[in-house]
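# Descriptive structure summary
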Amino acid sequence: DTGVSQDPRHKITKRGQNVTFRCDPISEHNRLYWYRQTLGQGPEFLTYFQNEAQLEKSRLLSDRFSAERPKGSFSTLEIQRTEQGDSAMYLCASSRNRGVNEKLFFGSGTQLSVL
Amino acid sequence: AQTVTQSQPEMSVQEAETVTLSCTYDTSESDYYLFWYKQPPSRQMILVIRQEAYKQQNATENRFSVNFQKAAKSFSLKISDSQLGDAAMYFCAYRGDQTGANNLFFGTGTRLTVIP
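The structure contained in this document is the topic of the report that follows. Fair warning: this is a prediction, and the values are worked out from it, not measured in the lab.

## Points about the state of the cysteines
- Under the definition given, this model contains 2 disulfides over all chains.
- Each sulfur in the disulfide pair cysteine 23 of chain A and cysteine 92 of chain A lies 1.9 Å from the other. Between cysteine 23 of chain A and cysteine 92 of chain A, the S-S dihedral sits near -70 degrees, and the bridge is therefore left-handed. Note that cysteine 23 of chain A is positioned in strand 3 (residues 19-24) and cysteine 92 of chain A in strand 9 (residues 88-95), a separation of 69 residues in sequence. By the burial criterion, cysteine 23 of chain A is buried, and cysteine 92 of chain A matches it.
- A disulfide bridge connects cysteine 23 of chain B with cysteine 92 of chain B, and the sulfur atoms are separated by 2.0 Å. Negative torsions about the S-S bond denote left-handed disulfides, and the value of about -70 degrees found for cysteine 23 of chain B with cysteine 92 of chain B makes this one left-handed.

## A word on the pairing of strand 9 (residues 74-79) of chain B
- Where strand 3 (residues 19-21) of chain B meets strand 9 of chain B, 3 bridges bridge the pair, whose relative direction is antiparallel. Across the sheet, leucine 21 of chain B pairs through a bridge with leucine 77 of chain B, a residue of strand 9 of chain B.

## Re the interface of chain B and chain A
- Listed by partner, the interface residues are 24 residues for chain B and 28 residues for chain A.
- Around 2,000 Å² of area is buried between chain B and chain A when both sides are counted, 44% of it from carbon and sulfur atoms.
- Remark: the boundary between chain B and chain A carries 0 salt bridges.
- Taken together, the links from chain B to chain A amount to 8 residue pairs in polar contact (both at pLDDT 80 or more).
- Broken down by secondary-structure element, the contributors of at least two residues to the side of chain B that touches chain A are strand 5 (32-39), strand 6 (46-52) and strand 10 (88-96) of chain B.
- For the side of chain B that touches chain A, the residue count by class is 9 nonpolar, 10 polar and 5 charged.

## Re the sheet that holds strand 3 of chain A
Residues and elements named next belong to chain A.
- Read from one edge of the open sheet, 4 strands run 1-3-8-7, paired in antiparallel fashion. In the strand order of this sheet, the two ends are held by strand 1 (5-7) and strand 7 (65-68), each with one partner. Here the strands of the sheet are splayed against their neighbours by 15 degrees on average, with no regard to which way each runs.
- Sheet analysis places strand 1 next to strand 3, joined by 3 bridges and oriented antiparallel. Looking across to strand 3, one finds that aspartate 7 is bridged to arginine 22.

The rules behind these values
- Residues numbered from 1 in each chain as written.
- Chains lettered and ligands numbered in written order.
- Predicted model: local features only at pLDDT ≥ 70, side-chain atom pairs only at ≥ 80, totals over all residues.
- Heavy atoms only, no water.
- Disulfide = S-S within 2.5 Å.
- Helix = DSSP H or I, 4+ residues; strand = E, 2+ residues; numbered from the N terminus.
- Buried < 20%, exposed > 50% of the residue type's maximum accessible area, 1.4 Å probe, protein only.
- Pairing = 2+ DSSP bridges.
- Contact = heavy atoms within 4.5 Å.
- Buried area = accessible area lost by both parts, 1.4 Å probe.
- Salt bridge = Lys/Arg side-chain N within 4 Å of Asp/Glu carboxyl O.
- Polar contact = N/O pair within 3.5 Å; in protein donor to acceptor, adjacent residues only side chain to side chain.
- Nonpolar A, V, L, I, M, F, W, Y, C, P; charged D, E, K, R; others polar.
- Axes fitted to C-alpha atoms, helices over the stretch in contact; angles between N-to-C directions.

Set out below in structure tokens:
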């Protein structure tokens with residue numbers, strides 16, 4: 001169990017640029033989540049994958065955001081035409097199964113700063 | 001929509017003492033799960049304790065225990081024998097048990113300082 005890893009740890013970009021983040025979940029975990037956390041707030045749900053299928057998207061996920069999980073392994077989150085309001089920490093989490101025994105394992109996040 | 005409220009932005013406790021962090025939530029569901037997560041400066045959210053709403057018995061995990069009051073929609077976390085390593089942000093979270101309820105709703109967090 002090597003944990004959930006996210007890359008990069010920090011990203012600074014200029015407004016209008018595109019950025020892509022990567023999440024590598026724990027290898028046998030079929031469920032993967034993306035959350036966004038702004039300063040002084042708790043994480044907010046963005047989207048959820050079961051294997052390669054994106055099964056749920058939050059209204060927070062505007063059309064500038066796209067997430068993929070090819071082959072049900074790693075996932076990417078892309079933000080196009082970044083805005084200053086996109087500045088936040090983007091957290092990825094994975095789990096093996098749902099229900100009473102589901103336990104989410106979180107990565108350390110990617111901190112995005114849009115100048 | 002479900003909401004989770006943490007009314008204590010900051011709390012402090014002397015090392016070895018006990019502290020209680022408060023959390024209330026709003027839901028119309030009867031079955032759900034409640035969680036406390038710890039977020040240290042490393043930023044990684046770590047599950048501290050979990051409570052199933054259908055269980056009347058309060059969950060405990062070593063020095064951590066909860067006071068779950070379903071009727072009052074209250075879910076407080078008690079940390080006994082506080083240690084320096086307990087210093088972190090603590091988030092209360094809710095998840096429904098309905099099909100399709102895949103996301104956690106988090107509160108705004110309580111920053112806990114442990115005083116040596």
